[in-house]
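# Structure at a glance
So you can see what is in the structure, the chains are spelled out below.
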Amino acid sequence: MRRSNNLQRLFLLGLSGPIVALNVWILSQVFRYFEHSITLLVVAAILAFLLNYPVQILERTQISRSQAVIAVLLLALALLVVLGVTLVPILVEQAAQFVDKLPASLADSQRHVASLDIWAKAHRLPLDLQGFSTRINNQIENQLQALASQALGLAIITVSGLFDLVLVVVLAFYMLLYGDRMWQGLVNLLPASIGLPLSASLRLNFQNFFISQLLLGFFMFSTLIPIFIGLRVPFALLFALLIGVAELIPFIGATLGIGVVILLVMFQDFWLSLQVAFAAILMQQIKDNVLAPRLMGNFTGLNPIWIFIAILMGAQIAGLLGVLVAVPIAGTIKSTIDAIREINRPKVVTTEILPEEKQVHR
């Protein structure tokens, strides 16, 4: 009997692999077909999740939800306008200067690598630093030429991006007003044993995850700006923002952002890149060991290996958007399954008579 059960379990596990692969392929095809619409809906939903906290706070002051939603959206738009007037022009200027200066920096780095290559060959080290550097420089130059040739396309994309931004704000507004009713209607289609845990887990994972990631990204951005300025790092604001935005990618984003910044600074000044590496890694350790456990805790309950798998699958299905939402979705699935198992777990009733009860019987 036990052997037949084991064979049945192995058979089910063998079937689950192709079924999961088929579902992943179907999801990727559906996303590619409706990519733009799904992206707008997901971004609007995330924005509504984030803005729901201040809306709930304003509702406690005895104002209606519609008034709270309007007030929060107006405040968010005002903040975006302030950032667009103050921060964006500086970033655009630094980005333009960086692109103009990059060819000269690549040439300087090529000369430094050539000298290191000569030193390595003199000491009979099996290294081809110059060939490696040449390949990297060619890739960067090709990307710059492609961007320059697509200037008109970038302008059209910018106009389209503004339209999408307005559409996302409008969608978030209606989600804040009527999203609970729509979500409750969808949850009611599921059995109560599945719908209730799914609803609670989805709110917990998405709200906690994105609010925590935004706060951690802002910490890296705000702490690295004065450090980079003190070290006289060129394009300090641009590089600090790059690391802060990379923090939105879960688990590996900050490391990737820091690595890219170190590489870009290395093209200009090798010793300065070492100082940047030390400062950025120090802030990352403070973030990971002090702030992140307090903000995020272990709310996903996922093994790091499963987090990597979720990120890879999210990237395969939906690109950057999939990377951003992979971890909260995986955490939602795990929390929902755990809750369903807890509900369906049979309760153990003990028949053992306690000593006090024995005395009563006597």
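Please read all numbers here as calculations on a predicted model, not as lab measurements.

## Looking at the overall build of the protein chain
When helices and strands are counted, the protein chain shows 11 helices and zero strands. By the burial criterion, 30% of the 362 residues in the protein chain qualify as buried. Sequence separation of 24 or more characterises 70% of the internal contacts of the protein chain that already satisfy a separation of 6 or more. Total accessible area on the protein chain is roughly 23,700 Å²; 70% of this is exposed by carbon and sulfur atoms.

## Focus: the pattern of salt bridges
Tallying each qualifying case throughout the model produces three salt bridges. Across the salt bridge formed by Lys287 and Glu247, the nearest N and O atoms sit 3.0 Å from each other. Separated by 40 residues along the polypeptide, Lys287 in helix 9 (residues 270-295) and Glu247 in the loop between helix 7 (236-246) and helix 8 (253-266) bring together distant segments of the chain. The same class applies to Lys287 as to Glu247, namely buried. In this structure, Lys287 and Asp288 form a salt bridge, with 2.7 Å as the shortest nitrogen-oxygen distance. In the salt-bridge network here, residues are joined through shared partners; they are Glu247, Lys287 and Asp288.

## Structural notes on the UniProt feature "transmembrane region" (unreviewed entry) in the protein chain
Following the UniProt record, one finds the feature "transmembrane region" (unreviewed entry) at residues 12-31, 37-55, 67-92, 151-174, 186-204, 210-231, 238-267 and 305-327. Within residues 305-327, the helical portion is 100% and the strand portion 0%, while the C-alpha atoms at the span's ends are 12 Å from each other.

## Concerning the nonpolar core
Core analysis: the biggest nonpolar cluster contains 26 residues, and Leu224, Phe228 and Phe239 have the highest contact counts within it. Listing elements by their share of this core, those giving two or more residues are helix 3 (65-122), helix 6 (192-230), helix 7, helix 8 and helix 9. Beyond its immediate stretch of four places on either side in the chain, Phe239 contacts Phe98, Phe228, Val233, Pro234, Val261, Leu264, Val265 and Gln268.

## Looking at the side chain of Gln284
Along the polypeptide, Gln284 turns up in helix 9. Excluding anything up to four places from it in sequence, Gln284 contacts Met220, Ala254, Thr255 and Ile258.

## Points about the packing of aromatic side chains
Per the counting criterion, the structure on display carries five aromatic pairs. Consider the rings of Phe173 and Tyr174, whose centres lie 5.3 Å apart with planes at 80°: the pair is edge-to-face. Summarising the aromatic geometry, the rings of Phe235 and Phe239 are spaced 6.1 Å apart at their centres and angled 80° between planes, so their arrangement reads as edge-to-face. When its relative accessible area of 9% is taken as the criterion, Phe235 is described as buried. Phe239 sits in the buried class, given a relative accessible area of 1%. Joined through ring pairs, the aromatic side chains of Phe173, Tyr174 and Tyr178 make up one cluster.

## Looking at the environment of Glu35
Position of Glu35 relative to the elements: it lies in helix 2 (residues 35-59). As a C-alpha pair, Glu35 and Leu321 span 286 residues in sequence and 10.0 Å in three-dimensional space.

## Structural notes on helix 6
Between its terminal C-alpha atoms helix 6 stretches 57 Å, which fits the 57 Å expected from 39 residues at 1.5 Å a residue. Roughly 30° is the biggest bend found in helix 6, and it falls at Leu224, with proline Pro226 one to four residues downstream. After helix 6 finishes, the residue Arg232 shows a positive phi value of roughly 60°.

## Observations regarding a nonpolar patch on the surface
On the surface, a nonpolar cluster with roughly 670 Å² of combined accessible area is contributed by Leu22, Trp25, Ile26, Val30, Tyr33 and Phe34. In this fold, Tyr33 is placed in helix 1 (residues 2-33).

## Describing the confidence of the model for the protein chain
With 71% of its residues at a pLDDT of 70 or more, the protein chain shows a mean pLDDT of 76. Per-element mean pLDDT across the protein chain ranges from 50 in helix 11 (residues 355-361) up to 89 in helix 7. Across residues 150-157, confidence stays below pLDDT 50; counting only partners more than four residues off in sequence or on other chains, it has one contact.

## Section: the packing of helix 2 against helix 6
Across the interface, helix 2 lies against helix 6 with an axial gap of 10 Å and an inter-helix angle of 85°. Here helix 6 runs roughly perpendicular to helix 2, going by the angle between their axes. On the side of helix 2, the interface is formed by Ile46, Phe49, Leu50, Asn52 and Tyr53, while helix 6 contributes Arg203, Phe206, Gln207, Asn208, Phe210, Ile211 and Leu214.

## So, unusual backbone geometry
Positive phi, close to 60°, is recorded for Arg232, a residue that is not glycine. Structurally, Arg232 can be placed in the loop between helix 6 and helix 7. The exposure class of Arg232 is exposed, given its relative accessible area of 74%. We note that Phe235 has phi near 60°; this positive angle belongs to a residue other than glycine. Checked against the element boundaries, Phe235 lands in the loop between helix 6 and helix 7.

Here is what the cut-offs are and how they apply
- All chains use their own residue numbering, which begins from 1 and follows the written sequence.
- With the structure being a predicted model, the display of local features is reserved for residues of pLDDT at least 70 and the display and counting of side-chain atom pairs for 80 or more, all residues being used for whole-chain, interface and lining totals.
- In computing side-chain properties, one takes all heavy atoms of the structure into account and sets aside hydrogens as well as water.
- Working definition: helices are DSSP H or I runs of at least four residues, strands are E runs of at least two. Numbering for both runs from the N terminus.
- Remark: exposure states derive from per-residue accessible area (1.4 Å probe, protein chains only) relative to the maximum for the residue type, with buried under 20%, exposed over 50%, and partly exposed in between.
- Note on contacts: a residue pair qualifies if any of its non-hydrogen atoms lie within 4.5 Å across the two residues.
- For the area figures, the Shrake-Rupley method with a 1.4 Å probe applies, and any residue is considered shielded solely by the protein chains shown.
- When a carboxyl oxygen of Asp or Glu is within 4 Å of a side-chain nitrogen of Lys or Arg, the pair counts as a salt bridge.
- UniProt positions are given in the numbering used here, feature names are shortened, and annotations may be inferred rather than shown by experiment.
- What is meant by a nonpolar core is a set of buried Ala, Val, Leu, Ile, Met, Phe, Trp, Tyr and Cys residues, joined one to another through side-chain atoms within 4.5 Å.
- Here a pair means two rings of Phe, Tyr or Trp (six-membered ring of Trp) with centres within 6.5 Å. Their orientation is stacked below 30 degrees between planes, edge-to-face above 60, and tilted elsewhere.
- Expected span, for any helix, means 1.5 Å times one less than how many residues it has.
- What we call the bend at a residue is the angle made by axes fitted to the seven residues finishing there and the seven residues starting there.
- Here, patches come from residues exposed beyond 30% relative accessible area and free of salt bridges, joined within 9 Å for like charges and within 5 Å for nonpolar side chains (Val, Leu, Ile, Met, Phe, Trp, Tyr).
- Scored from 0 to 100, pLDDT records how confident the predictor is in each individual residue.
- Each axis is a line fitted through C-alpha atoms, taken for helices only over the stretch in contact, and angles between the N-to-C directions span 0 to 180 degrees.
- Roughly parallel covers angles under 35 degrees, roughly antiparallel covers those over 145, roughly perpendicular covers 65 to 115, and oblique covers all other angles.

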